[in-house]
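Here is how the chains run, residue by residue.
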Amino acid sequence: MATKHEQILNHIEELPIGSKISVRTIAKDMNVSEGTAYRAIKEAENIGYVSTIERVGTIRIEKKKKENIEKLTFAEVVNIVDGQVLGGRRGLHKTLNKFVIGAMKLEAMMRYTDKGSLLIVGNRVKAQEKALNAGAAILITGGFDTTDHVKQLADEYELPVISCTYDTFTVAAMINRAIYDQLIKKEIIIVDDIYTPFEDTYVLREGDTIQKWYQYNDETKHSRYPVIDQDRRIIGIVSSKDIIGKPDQQKIEKVMTKNPITVQSTTSLASAAHTMVWQGIELLPVVDDQNIFQGVITRQDVIKGLQSNQRQPQIGETIDDIVQKQLHYDADMSFFTTEVTPQMTNQLGSLSYGVFASFVTEVCNQVLKQQKTGDMVIENLSIYYMKPVQIGSYLTIVPQVLELGRKFAKVDVQILSNDELAGKAMVMTQFINR
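Residues numbered from 1 in each chain as written. Predicted model: local features only at pLDDT ≥ 70, side-chain atom pairs only at ≥ 80, totals over all residues. Heavy atoms only, no water.

Peer 1: What is the right way to read the side chain of H5 from this model?
Peer 2: Relative to the elements of secondary structure, H5 occurs in helix α1 (residues 4-14). In this structure H5 touches R39, A40, E43 and Q290, once residues within four positions along its chain are discounted. (Helix = DSSP H or I, 4+ residues; strand = E, 2+ residues; numbered from the N terminus. Contact = heavy atoms within 4.5 Å.)

Peer 1: So what exactly am I meant to see when it comes to the pattern of salt bridges here?
Peer 2: Side chains that differ in sign of charge can pair as their charged atoms come close. In this structure the tally under the stated criterion is 12 salt bridges. With its nearest N and O atoms 3.8 Å apart, the salt bridge here joins D412 to K424. Residue D412 is found in strand β21 (residues 408-417), and its partner K424 is found in strand β22 (residues 420-432); the two are separated by 12 residues along the sequence. Connected through salt bridges with shared partners, the residues E6, D231 and R233 form a single ionic network. (Salt bridge = Lys/Arg side-chain N within 4 Å of Asp/Glu carboxyl O.)

Peer 1: In this structure, what is going on with α1? I would like to understand it.
Peer 2: Counting along an α-helix, one turn takes 3.6 residues, and residues three or four places apart therefore face a common direction. When α1 is considered as a whole, its buried residues turn out to be H5, E6, I8, L9 and I12. Angular distribution of buried residues about the axis of α1 spans 160°; they occupy a single face of the element. Exposed and oriented more than 90 degrees from the buried face of α1 are K4 and E14. Considering only its buried residues, α1 is in contact with β1 (20-21), α2 (23-30), α3 (34-47), β2 (50-53) and β3 (57-60). (Buried < 20%, exposed > 50% of the residue type's maximum accessible area, 1.4 Å probe, protein only. Arc of directions from axis to C-beta.)

Peer 1: Quick question: what am I supposed to make of the sheet that holds strand β16 (residues 293-298) here?
Peer 2: Whether parallel or antiparallel, the strands of a sheet pair through hydrogen bonds between backbone atoms. If you walk across this open sheet you meet the four strands as β9-β16-β15-β14, and the pairing is mixed. Either end of the sheet is taken by a strand with one partner, and the two such strands are β9 (196-197) and β14 (263-264). The pairing of β9 with β16 spans two bridges and is classified as antiparallel. Bridge pairing links T196 to V296 in β16. The sheet strands contacting helix α13 (residues 269-279) are β15 (283-287) and β16, and the helix crosses β15 at an angle near 135°. (Pairing = 2+ DSSP bridges. Axes fitted to C-alpha atoms, helices over the stretch in contact; angles between N-to-C directions.)

Peer 1: Sorry, what's going on with the packing of aromatic side chains here?
Peer 2: Each aromatic ring pair is described using two quantities: the centre-to-centre distance and the angle formed by the ring planes. Per the counting criterion, the structure on display carries six aromatic pairs. Both rings, one in F198 and one in F293, keep their centres 5.8 Å apart while their planes meet at 80°; by these two values the pair is edge-to-face. Of the two residues, F198 sits in the loop between β9 and β10 (204-205) while F293 sits in strand β16, which places them 95 residues apart along the sequence. Assessed through its relative accessible area of 18%, F198 is described here as buried. A centroid spacing of 5.2 Å and a plane angle of 90° characterise the contact between W213 and Y214, whose relative ring orientation is edge-to-face. (Phe/Tyr/Trp six-rings, centres within 6.5 Å; stacked < 30°, edge-to-face > 60°.)

Peer 1: Got a minute to help me understand the packing of α1 against α2 in this structure?
Peer 2: Helix packing geometry: the angle between the two helix axes and the distance between the axes. Between α1 and α2, whose axes approach to 11 Å, the crossing angle comes to 110°. Relative to α2, the element α1 lies roughly perpendicular. The crossing of α1 and α2 is right-handed. Contact with α1, carried on its side by Q7, I8, H11 and I12, involves I26, D29 and M30 of α2 and no other residues of that element. Grouping the amino acids of the contact of α1 with α2 by side-chain chemistry returns four nonpolar, two polar and one charged. (Parallel < 35°, antiparallel > 145°, perpendicular 65-115°, else oblique. Left-handed = near helix turned anticlockwise from the far one by under 90°. Nonpolar A, V, L, I, M, F, W, Y, C, P; charged D, E, K, R; others polar.)

Peer 1: I keep staring at the domain arrangement of the protein chain and nothing clicks. Help me out?
Peer 2: Often, the extent of an interface is quoted as the loss of accessible area upon association of its parts. Assigned domains within the protein chain: domain 1 (4-60), domain 2 (74-187), domain 3 (192-308) and domain 4 (319-431). The distance between the C-alpha centroids of domain 1 and domain 4 comes to 47 Å. (Domains from an automatic or database assignment.)

Peer 1: Help me understand the UniProt feature "domain: CBS" (unreviewed entry) in the protein chain in this model?
Peer 2: When the UniProt feature table is mapped onto this chain numbering, "domain: CBS" (unreviewed entry) sits at residues 195-254 and 256-314. Helix makes up 30% of residues 195-254 and strand makes up 22%, while its end C-alpha atoms are separated by 28 Å. (UniProt positions renumbered as here; feature names shortened; annotations may be inferred.)

Peer 1: I'm lost on the pairing of strand β11 (residues 225-228) in this one. Help?
Peer 2: Here β11 shows two buried faces, one formed by Y225 and V227 and the other by P226 and I228. Relative to β11, β10 is paired through two bridges, and the arrangement is parallel. Counted as the bridge partner of L204 is V227 from β11. Sheet topology note: the β11/strand β12 (residues 234-238) ladder contains four bridges and is antiparallel. Looking at β12, one finds that Y225 is bridged to V238.

Structure representation (structure tokens):
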């Protein structure tokens, strides 16, 4: 039996794209309290079923696939530019393919403006009308309004006309930034990318016996299996150590480990790896927000994911990518060199504390890989000396492996600027062994 929360989510999912919803209408339609309706709508927003826009309301949108994450909906554009919708509200869920800056003659502008575009323009009514007729939405900069005819066209074609107070350059920069941020998100591997789905997973039911475990073990050679109840909720994990010495007819629910550690499909690969290393486990059940079992992720999945991640070209560069690219290794002297660039500084023009930590982490990662260890997970990073390092300085980073075991390492890192000590750190790591 689905909970009220699940029933509301299913109801929202079945609504037509572009529908407007509210807490009050959902509460009335589903016969639930407004508090329950509010929590479900917030959850629907996290999942990507709806989008809430200031001065417009909550709109049912199409859930975005990860491969299309660099495409923005018009609803997202409204939020990015803090805009006001003047017309065409029913088209807010649509995705824009490109944006065109209307800073040229009308005929030239129309050559670039086609269906699915967003024309960024000032109070040029003729351009707005032509763009709508061509199937493009409009973003009016400078806080200008538009004519009733343009609003009528927008409603008729279901193409949004948005107004915002920013100038054209600022708006273009804001949209570019949003797309750039989404490209970075696209490159981050999450559990959803690599887990084994429910249909391909061997699971035990609460009413099964230990004999079923042996049957699965013969078929798969695996030793850990999730246990689910009749509603497909995860209730336990059974491993070989749980069934040793127990009779074959003993019920699984009597021997299983209850309340197992789980992850959600949106959990990052790094977080899942960290959990596996620290808990010393080979398999994690994947669940949704209602604890409904979705599949499993294994240590082998994590290792493959980490290896493919290292081969991926980053489209949107993060600070860690910049740090990694700008580190140069001197094999003869066993140290690293780099330069402090503007992106690495704080508001005072000195090397940022966070970038300092990134240098330390990346140097440890590279030096330990030379020792042919597994993938590294940091247990503890202590920066116990750091002085201001100004922009443009050249750094020499000297790592020293103090202790190296099969599962852990201890590394001392010194950072020098102009041959003077600028910082020291101690790093403790653990390894995900291959």
